[in-house]
Amino acid sequence: MLVIKNLHAKVGGKEILKGIHLELKKGEVHALMGPNGSGKSTLANVLSGREDYEVTQGEVLYEGKSLLHMAPEERACKGVFQSFQYPVEIPGVSVTNFLKTAVNSIKKYRGESEIDALDFLKLMKEKMKLLQMDEVFMSRSLNVGFSGGEKKRNEIFQMAMLEPKLSILDETDSGLDIDAIKIVSQGVNSLRGPHTSFLVITHYQRLLNYIVPDKVHVLSDGKIIRSGGKDLALLLEEKGYDGVG
Amino acid sequence: MTLHTVQDYVSQYKSLKQSLNGSVSPWLKELKDSAIEQFQKQGFPNKKVEEWKYTDISSFLESSFKPRHHEDSERIRGDLAIFGDGKENIEPFIFEGLDCYRVVFINGLFSKDLSKIEDLPSQVFLGNLQEFIKCHPHIARNYVNKKLHSKKNAFTSLNTALFSNGACLYVREGQKIKKPLHFIYFSTNSNSAHYLRNLFIIGKASKVTILESFGGEENAHYFNSVVSQIVTQEQSQCEHYRFQLEGKNAFHISDLYFEQGLKSEVRSFLFGIGGRFSRQDVNVPFTQGHAQCFLKGLLKPKGSQVIDFHTLVEHNVSNCVSDQFFKAVVEEKAQGVFDGKIIVAKGTKGTQARQINKNLLLSEGAQVFAKPNLEIYADDVECTHGSSTGQLDQKALFYLKSRGISEEEARKMLIHAFVSEIIESIPQEAVRKKIDHIVFSS
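Overview of the structure.

Here is what the cut-offs are and how they apply
Just so you know, the residues in each chain are numbered from 1, in the order the chain's sequence is written. Key to labels: chains lettered from A, ligands numbered from 1, both in the order written. Where local features are concerned, this predicted model is filtered to residues with pLDDT of at least 70; where side-chain atom pairs are given and counted, the filter is 80 or more; whole-chain, interface and lining totals use all residues. Each side-chain value is derived from all of the structure's non-hydrogen atoms; neither hydrogens nor water enter the calculation. A side-chain nitrogen of Lys or Arg and a carboxyl oxygen of Asp or Glu constitute a salt bridge if their distance falls within 4 Å. Secondary structure elements are defined from DSSP: runs of H or I of at least 4 residues count as helices, runs of E of at least 2 residues count as strands, and each element is numbered from the N terminus. Each residue's exposure class comes from its accessible area (1.4 Å probe, protein chains only) as a fraction of the maximum for that residue type: buried when under 20%, exposed when over 50%, partly exposed otherwise. It only takes one pair of heavy atoms within 4.5 Å for two residues to be counted as in contact. Reported buried area values correspond to the accessible surface (1.4 Å probe) lost by two parts on association, with both partners' losses combined. Polar contacts, as counted here, are pairs of nitrogen or oxygen atoms within 3.5 Å of one another; within protein the pair requires one atom able to donate a hydrogen and one able to accept it, and residues that are adjacent in sequence qualify only if both atoms are side-chain atoms. In this analysis, strands are considered paired if DSSP registers two or more bridges between them. Fitting a line to C-alpha atoms yields each axis, with helices limited to the stretch in contact; the angle taken between N-to-C directions then spans 0 to 180 degrees.

1. Focus: the pattern of salt bridges
Move 1: Applying the stated criterion to the full structure yields 26 salt bridges over all chains.
Move 2: Between Asp221(A) and Lys18(A) there is a salt bridge, with the nearest N and O atoms lying 2.9 Å from each other. Of this pair, Asp221(A) sits in the loop between β11 (215-220) and β12 (223-228) while Lys18(A) is found in strand β2 (residues 14-24), placing the two residues 203 residues apart along the sequence.
Move 3: Residues Asp281(B) and Arg279(B) are paired through a salt bridge, measuring 2.6 Å at the closest nitrogen-oxygen approach.
Move 4: In this structure Asp281(B) comes out as buried when scored by relative accessible area, which is 11%.
Move 5: Among the residues examined, Arg279(B) registers a relative accessible area of 0% and is labelled buried.
Move 6: Residues joined in a network through salt bridges with shared partners are Glu50(B), Asp339(B) and Lys371(B).

See the structure below:
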């Protein structure tokens, strides 16, 4: 699904990623952990196609094709989704209108016909229920006036609506209380299957109690310094990042 | 290229005067004489005049427009014959699903055939100003007078001198007119100048909705000069819409006055979309207390268009409310101007005045001149204002694209979001839909 080879990237002239190797297979969930400033978010942003990040070396293959050469919208249309750490507020664009345009853009890209208005509404309601979101959000402007937790829930709601093959969750748990973490995890777990893959970027082990990963990677100073099974996260929790280096 | 001079327009007035041949009442003749005199004194405004600092009229002065007079019967027949059987030219301006009374002017001339003024309540006059002056000279005289051309605007003086007709509405006391009144001013490729003088009087405690659409053949070259007075008497309510959708080569210069009575309420939506060059002045000189005026405007110039809005709100008396909300979206090499002035007179109390202006520039060559201008000489005032100009939010654009939405569609969504604050607040659904379509297809 996703192969990252020797990835180096700069932000504002400073090298942040210093040679990342990672392979995420179809149906797998990997957790990427690491202290602040280790490069977790930079990796997520490079994968989503943010322009202010400069890749200086290496490559990223998604389903065998170079992901870095695709425009952000093309990545999404091909089934890549990122849950942002800080979702943008967009006044005047309603959640419904936004998602309908997104769903139909992706369908158009894949040569499918547009979704029927009633089917769309049904789908929205179903996914909102899954994430325990109030239906009033449908008509509200995107992320405007949403609390931190509501924004994160809205990200996972979008993921549920777009049904991506590869999802990158960038610190989706930060700012969430334990109940919200359970709800968000439920949303993620409902999409887990033999054809979907997840890269879960997190600072803390607790999210991984609910989204149990197949593999855990530890990122430090722009490199993966250790990989292992789900127990590695528990070890981290116990010994801290210094203890596993 | 030779520029047309004040003298050229004065000669036009002289020949018009001859053709009038005493068919105009002495008071109106006197008014017109004084207006042309005023115009001569004022001359065409140049960039040294504060109110015209951002508005370069040289493209107007380079253009030749034939004057048109109501006596010119052969031409009238010619113009109207084009529209005699087909209504297709005014079709684009009609609001689907909205049953309206309709008054149509073609090249500044009243068209009875295209108008729809049957079944009006007897308390209402709807039609053209010429006829109104004939039927109600004393009422007309109260409003069509020297008051307006004492102002700085030379184009208003010129209009007063050269107009022969215009739209007219007179609603007596206590009339709530359910059907909106739609005024369509359509122009063909006539190379002519149309001087329209419009008078709308809404009687005490009456309520009306006025829609005005200005438009023309796509590449038609013409000049529309428009002076309008909307008089709202005590406790009356007026919902007003103006769609400036002139043809691509057209010039449009208008001066609009809201003359509000005690406790009257005006809600006006102003759209500047068409024309090669347009300048719209909107004046709210409060002289009666407890009146409220809400102005919302949207300017959307593209190509090399110039769209200019000037507002002047004068709180001359206590306890009035004014609220202005103007947005501009400027594309390509176009230019937008919003110059909004609020004056709160000394000794007045309880004024509430608000003015918000937000502008969006979509390309490097696009320009906007925003000039909020407040002169407050009273203490007891609640006054807020703000002006901002920016570009599309790159972070928002990226967010939309990251969900699979194309660059083009994402830009469209963000522009839509920017103007929706104005469009979504339109109470009439048919109008809202129509303007939404116009804004995004133009």
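2. A short note on the interface of chain A and chain B
Move 1: With 28 residues of chain A at the contact, the number on the chain B side is 18 residues.
Move 2: Both faces combined, the contact of chain A with chain B buries some 1700 Å², and carbon together with sulfur accounts for 71% of it.
Move 3: Note that Glu155(A) is salt-bridged to Arg403(B), the shortest N-O span being 2.7 Å.
Move 4: Where chain A packs against chain B, one counts 7 residue pairs in polar contact (both at pLDDT 80 or more).

3. Remarks on the sheet that holds β2(A)
Residue and element names in this part refer to chain A.
Move 1: One open sheet accounts for 4 strands, arranged β2-β1-β4-β5; its pairing is antiparallel. Looking at which strands have only one partner, the edges of the open sheet turn out to be β2 and β5 (65-66).
Move 2: In this sheet, β2 lies alongside strand β1 (residues 2-11) in antiparallel orientation, the contact comprising 8 bridges. In the sheet register, Lys-10 faces β2, and the bridge partner there is Glu-15.
Move 3: Across the sheet, helix α1 (residues 40-48) is in contact with β1, β2 and β4 (53-62); its angle to β1 comes to roughly 110 degrees.

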